[in-house]
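Here's the letter readout for the chains.
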Amino acid sequence: MESKSNHSSPVLTDPIPINKSRLGIHSNLLSYPQSGGSLTSGKYMTIPRKKPGKLDDVRSNGWLDAMKSSSPPRKKLIKDFNIEVAADDTDIYYSWMIKYPSALKSFKQISKNAKNKKIAVFLDYDGTLSPIVDDPDRAFMSDAMRSAVRNVAKYFPTAIISGRSRDKVYELVGLTELYYAGCHGMDIMGPVSPTESDDHPNCIRSTDQQGKEVNIFQPAREFITMIDEVFKTLVENTKDIKGAKVENHKFCATVHYRNVEEKNWPTIAQCVHDILKDYPRLRLTHGRKVLDIRPVIDWNKGEAVEFLLESLGLSDRDDVLPIYIGDDKTDEDAFKVLREGNRGYGILVSSVPKDSKALYSLRDPSEVKKFLKALVRWKKFEA
Ligand SMILES: O=P(O)(O)OC[C@H]1O[C@H](O[C@H]2O[C@H](CO)[C@@H](O)[C@H](O)[C@H]2O)[C@H](O)[C@@H](O)[C@@H]1O
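Note that the coordinates shown come from a computational prediction; the quantities given were computed from them, not determined experimentally.

S.K.: Give me the environment of Lys336: which residues, what numbers.
M.R.: Tracing the backbone through its elements, the reader meets Lys336 in helix H10 (residues 332–339). What makes Lys336 partly exposed here is its relative accessible area of 39%. C-alpha separation for the pair Lys336 and Gly346, spaced 10 residues apart in sequence, amounts to 8.0 Å.

Printed below as a string of structure tokens:
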């Protein structure tokens, strides 16, 4: 079980809105009010730092609780869902599935609703296409999964939206027929849309590996130097914590504590916390045994889904059904976008009960693969 709640922190601040009208994103896609923020032409307002007080410590600001809730006792999870604690784990999971039915078992229903609609598929990487492993550099997807994703992309526009850097996730997936968004959507390589304004400083026309024209959207470009600086400080300050690992994803940085002894979690959390105190324009989010440091901007995986739908010419249409499959807290932003207004289906990948904005569930990457294959079979023979 991973972290579930937004814990308060002295350095957490509200995201700064991005001027999305300049991105060619339709106004009804804006999920945050545009007033209040003083962002113009890529300028970010200064976030007032909260005064450090006696609560300015990872034990009292919720960080440690969030880190521990990466694997809490199952009984607690069930309480969170108001589901009665069942006799064993299997019963508990099946009780939870009443709220989040299996996307495989519900496939008939899903495909019935998809009839005559254009499906767009959005996939998270870690924990969705590849199993969670101790070493993030060895999180490989199987050839069978790669082939399932390739087939899906033959029939439906398909994008990977990952917390990793775009280059890294492309290296791991290795399929040219997909669109890629790295850094929780802060680095998107998508199609060139006829409706898109191309004069935005964060949008760059480029060509992909095949020489096809693509649009690269990087709303946090001005944070590259800052993230690099923070990455280097994090590497230096965590070098004596056994098992700690820091990744630089260009627009965000990730501190791994999966392989750190639990007794040292407060040290690693305090270390990140102390660095962030000097960077009020960065914030922390929690992932699966990771602390993510990212810019305080109004952009996430949900916004990335909106952006890609718009670029694909698939937004504001009743005949479009986006499907998003993901396993992590950061995927909740995308589930929320699809759930609001009944726009599409969020599918949570989890083998333990978890609260979510998704509509359906799949137990693990092997079920994701089955679901993707079912989608292709259906499109080929039944749709
Ligand atoms: O959005 P995602 O594609 O799911 O990326 C989220 C993070 O994934 C990676 O970390 C996770 O997977 C690792 C390998 O299985 C695992 O060791 C780690 O504990 C997980 O959190 C990646 O390394 C991170 O940078 C991403 O933020």
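S.K.: Describe the pattern of salt bridges, and please don't skip the residues or the numbers.
M.R.: Throughout the structure, instances matching the rule amount to 21 salt bridges. For Arg205, the salt bridge identified is with Glu213, shortest N-O distance 3.5 Å. The partly exposed category is assigned to Arg205, whose relative accessible area is 36%. Two residues, Lys239 and Glu236, come together in a salt bridge whose shortest N-O distance is 2.6 Å. Residue class for Lys239 comes out exposed when judged on its relative accessible area of 54%. Beyond isolated ion pairs, a larger network of salt bridges with shared partners links Asp124, Lys301 and Asp331.

S.K.: Can you lay out the packing of helix H9 (residues 301–311) against H10 for me, pointing to particular residues and giving the numbers?
M.R.: In the contact formed by H9 and H10, the axes pass within 6 Å of each other and the chain directions differ by 50°. Of the possible angle classes, the one that applies to H9 and H10 is oblique. Along the contact surface, H9 presents Lys301, Gly302, Val305 and Glu306, while H10 presents Asp333, Ala334, Val337 and Leu338.

Scoring rules and cut-offs
Residues numbered from 1 in each chain as written. Predicted model: local features only at pLDDT ≥ 70, side-chain atom pairs only at ≥ 80, totals over all residues. Heavy atoms only, no water. Helix = DSSP H or I, 4+ residues; strand = E, 2+ residues; numbered from the N terminus. Buried < 20%, exposed > 50% of the residue type's maximum accessible area, 1.4 Å probe, protein only. Salt bridge = Lys/Arg side-chain N within 4 Å of Asp/Glu carboxyl O. Axes fitted to C-alpha atoms, helices over the stretch in contact; angles between N-to-C directions. Parallel < 35°, antiparallel > 145°, perpendicular 65-115°, else oblique. Contact = heavy atoms within 4.5 Å.

In short, shape yes, function no, at least from these values alone.
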